[in-house]
Amino acid sequence: MNKAMRNPYIYALFVIPALVLFVLFFIYPLINAVYYSLTNWNGVSDNLKFWGFKNYTKALTDDTFWNAVKNNGYFILFSCLIQVPIIVICSLMIANVKRFKSLYKTAVFMPTVMSTAVIGILWGFIYNYDVGLFNKILGFFGVEAVDWLGDPKFAMLSILITNGWQWTGFYIIMVLAAILSIPKDLDEAAEIDGATGYQRAMKITMPLIMPVVSVVIMLSIAGAMKAADIIIVMTKGGPAGSTDVMATYMIKYAITNFKYGYGNAISVIIFVFTMILTVLYQVLIARRSERIEY
């Protein structure tokens, strides 16, 4: 057995299948996207002309595209500044309940397993101008109804709330698992020494779960950069492009308008932007999260 494990070909048998899948489903599509992004192909005909970087120049000088980039930025800011603190607070609360802990974990996780189409339709009813729950509540307090999905001032915020509601539970389970894995002896020793619940949370729990919180933030950034499905279901990028993100902008050109080359250029730009953000986060922030052993 030891002799077999020293044979490099044994390791190759395990690595090659995964490497083949990686090349087929990541490297090859990426190379294809870069190639077609340099053409004027419409995705259907055999007429394909090499355009060089014209598609990239067009995208980077298009105000509509930069508006989509700005909306992706809203997704990132909402995730990091609002959603992540809510995730941590809810995780701490659930970790400290004595009864029905499993019920709370199941309840917060339920939206994650639901279809995005179902969630989009459900929240569409909640935001409905005439019979929506939010406007009924506003009407109860004498406030004028709001066109949540039809008014450019509120449409993006409505999308962000819906998307956050869908994915918060998934991240809560991750953070909660990290909290529950902390030895109880640490918390009990701090309690005996007179530390309050807030002090224990800030001085013991938070430092120990920071590596997991860091992963949650990175996943949130990656998810924000590829957000599209919830927008397509709820607003289709409207009104007047106010909820368009880079992915929906790409879909409109690549599929709806048959500008496949231009759509591939957008996809490559999304990939580059995502790589830059994740690398910057890893270098500037994530590496500062010390790995704490206990």
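Coordinates for the structure precede this section.
Scope of this entry: the structure provided in the associated data block. (Residues numbered from 1 in each chain as written. Predicted model: local features only at pLDDT ≥ 70, side-chain atom pairs only at ≥ 80, totals over all residues. Heavy atoms only, no water.)

1. Remarks on the overall build of the chain
Basically, it comes down to this: A run of H or I in DSSP becomes a helix once it reaches four residues, and a run of E becomes a strand once it reaches two; helices and strands are each numbered from the N terminus. Relative accessibility decides the category of a residue: with a 1.4 Å probe and only protein chains considered, values under 20% of the type maximum give buried, values over 50% give exposed, and everything between is partly exposed. Here, two residues are considered to be in contact whenever any of their heavy atoms come within 4.5 Å of each other. Accessible areas in this description were obtained via Shrake-Rupley with a 1.4 Å probe; residue shielding takes into account the shown protein chains only. Charged residues are defined narrowly, with Lys and Arg counted positive, Asp and Glu counted negative, and His plus the chain ends left uncounted. Where a charge lies is defined by one atom per residue type, namely NZ (Lys), CZ (Arg), CG (Asp) and CD (Glu).
On a plain count of helices and strands, the chain comes out with 13 helices and zero strands. Scanning the chain from its N terminus toward the C terminus, one meets helices and strands in the order α-α-α-α-α-α-α-α-α-α-α-α-α. Projected onto its principal axes, the C-alpha positions of the chain cover 80 × 75 × 30 Å. The buried share of the chain, taken over its 294 residues, is 36%. Across the chain, the fraction of contacts at a sequence separation of at least 24, relative to all contacts at a separation of at least 6, is 67%. Here the chain has roughly 17900 Å² of accessible surface; of this, 69% comes from carbon and sulfur atoms. Within the chain, the 16 negative side-chain charges are centred at a point lying 7 Å from the centre of the 22 positive side-chain charges.

2. Considering the side chain of Thr243
Applied cut-off: In protein, a polar contact means a hydrogen-donor-capable atom and an acceptor-capable atom, both N or O and within 3.5 Å, with residues adjacent in sequence counting only if both atoms are side-chain atoms; elsewhere, any N or O pair within 3.5 Å suffices.
With respect to the helices and strands, Thr243 occurs in the loop between α11 (229–234) and α12 (246–256). For Thr243, a relative accessible area of 0% corresponds to the buried category. Within the structure, Thr243 has its side chain in polar contact with the backbone oxygen of Gly237 (distance 3.2 Å). Not counting residues within four places of it along the chain, the set of residues in contact with Thr243 comprises Asn71, Ala155, Met156, Ile159, Ile231, Thr235, Gly237 and Gly238.

3. Some remarks on the nonpolar core
For clarity, the threshold we go by: We call a set of buried residues a nonpolar core when its members are Ala, Val, Leu, Ile, Met, Phe, Trp, Tyr or Cys and they connect through side-chain atoms within 4.5 Å of each other.
Formed by 62 residues in total, the largest nonpolar core has its most connected members in Phe65, Phe75, Ile209, Met234, Met246, Tyr249 and Ile266. Looking at this core, the element that brings in the most residues is helix α4 (residues 63–96), giving 12 residues. Excluding residues that lie within four positions of it along the chain, Met246 makes contacts with Phe65, Ala68, Val69, Asn72, Met225, Ile266, Ile270 and Phe273.

4. Comments concerning the packing of aromatic side chains
Cut-off, in case you're wondering: Working definition: rings of Phe, Tyr and Trp (its six-membered ring) pair if their centres are within 6.5 Å, and the pair is stacked with planes under 30 degrees apart, edge-to-face with planes over 60 apart, and tilted otherwise. For a ring to carry a charge above it, either NZ of a lysine or CZ of an arginine must fall within 6 Å of the ring centroid while also lying within 35 degrees of the normal to the ring plane.
Within this structure, the stated rule accounts for 23 aromatic pairs. With 5.7 Å between their ring centres and 70° between their planes, Phe134 and Trp148 make a pair best called edge-to-face. Of this pair, Phe134 sits in helix α7 (residues 133–140) while Trp148 sits in the loop between α7 and α8 (152–180), and the two are 14 residues apart along the sequence. Assessed through its relative accessible area of 16%, Trp148 is described here as buried. One cation-aromatic arrangement involves Lys54 over Trp51; the distance from NZ or CZ to the ring centre is 5.5 Å. Positioned above the aromatic ring of Tyr262, the side-chain terminus of Lys58 is 4.5 Å from the ring centre.

5. Things to note about the environment of Met156
Here Met156 shows up in helix α8. Here the alpha-carbon distance between Met156 and Tyr253, two residues 97 residues apart in the chain, equals 21 Å. In this view, Met156 contacts Asn71, Tyr74, Phe75, Ser242 and Thr243; residues no more than four positions away in its chain are not counted.

6. A short note on α8
Spelled out, the test is: Expected helix span is computed as 1.5 Å times (number of residues minus one). The angle between axes fitted to the seven residues ending at a residue and the seven residues starting there is what we call the bend at that residue.
With 29 residues, α8 should cover 42 Å at 1.5 Å per step; its first-to-last C-alpha distance of 42 Å lies within 8% of that length. Along its length, α8 shows its largest kink, about 35°, at Trp167.

7. What to know about the layout of surface pockets
Heads up, the rule is: For each structure, a 1 Å grid was placed over the protein atoms alone; sets of points admitting a 1.4 Å probe that cannot get out are labelled cavities, open sets with protein on both sides within 12 Å along at least five of seven lines are labelled pockets, and lining residues have an atom within 4 Å of a point. Grid points are joined across faces, edges and corners, and a volume is the space filled by probe spheres set on the points. In this count, Pro and Cys sit with the nonpolar residues alongside Ala, Val, Leu, Ile, Met, Phe, Trp and Tyr, while Asp, Glu, Lys and Arg are called charged and the others, Gly among them, polar.
Here the largest pocket is characterised by a volume of approximately 640 Å³. Lining the largest pocket are 20 residues; nearest its centre among them are Ala95, Asn96, Ile179, Lys184 and Asp187. Contributing elements (two or more residues each) for the lining of the largest pocket: α4, α8, α9 (184–192) and α10 (197–225). Broken down by element, the lining of the largest pocket gets its largest block of residues, six residues, from α10. By residue class, the composition of the lining of the largest pocket is 10 nonpolar, three polar and seven charged. In this structure, the second largest pocket spans a volume of roughly 360 Å³. Lining the second largest pocket are 19 residues, and of these Trp167, Tyr171, Gly223, Ala224 and Lys226 lie nearest its centre. When contributions to the lining of the second largest pocket are tallied by element, the ones reaching two or more residues are α4, α8 and α10. With six residues, α8 is the single largest residue contributor to the lining of the second largest pocket.

8. Considerations on the packing of α9 against α10
When two helices pack together, their arrangement is given by the angle between the helix axes and the distance between those axes. Stated precisely, the cut-off is as follows: Each axis is a line fitted through C-alpha atoms, taken for helices only over the stretch in contact, and angles between the N-to-C directions span 0 to 180 degrees. Any angle that falls under 35 degrees is termed roughly parallel, while one over 145 is termed roughly antiparallel, one within 65 to 115 roughly perpendicular, and all others oblique. It is the rotation of the near helix from the far one that decides the hand of a crossing: anticlockwise by less than a right angle makes it left-handed, clockwise makes it right-handed.
Between α9 and α10, the least distance of the axes is 10 Å, while the angle of their chain directions is 160°. With respect to each other, α9 and α10 are oriented roughly antiparallel. Of the two possible hands of crossing, α9 and α10 adopt the one that is right-handed. In this structure, α9 uses Leu186, Asp187, Ala190 and Glu191 to contact α10, whose residues at the interface are Arg200, Ile204 and Leu208.

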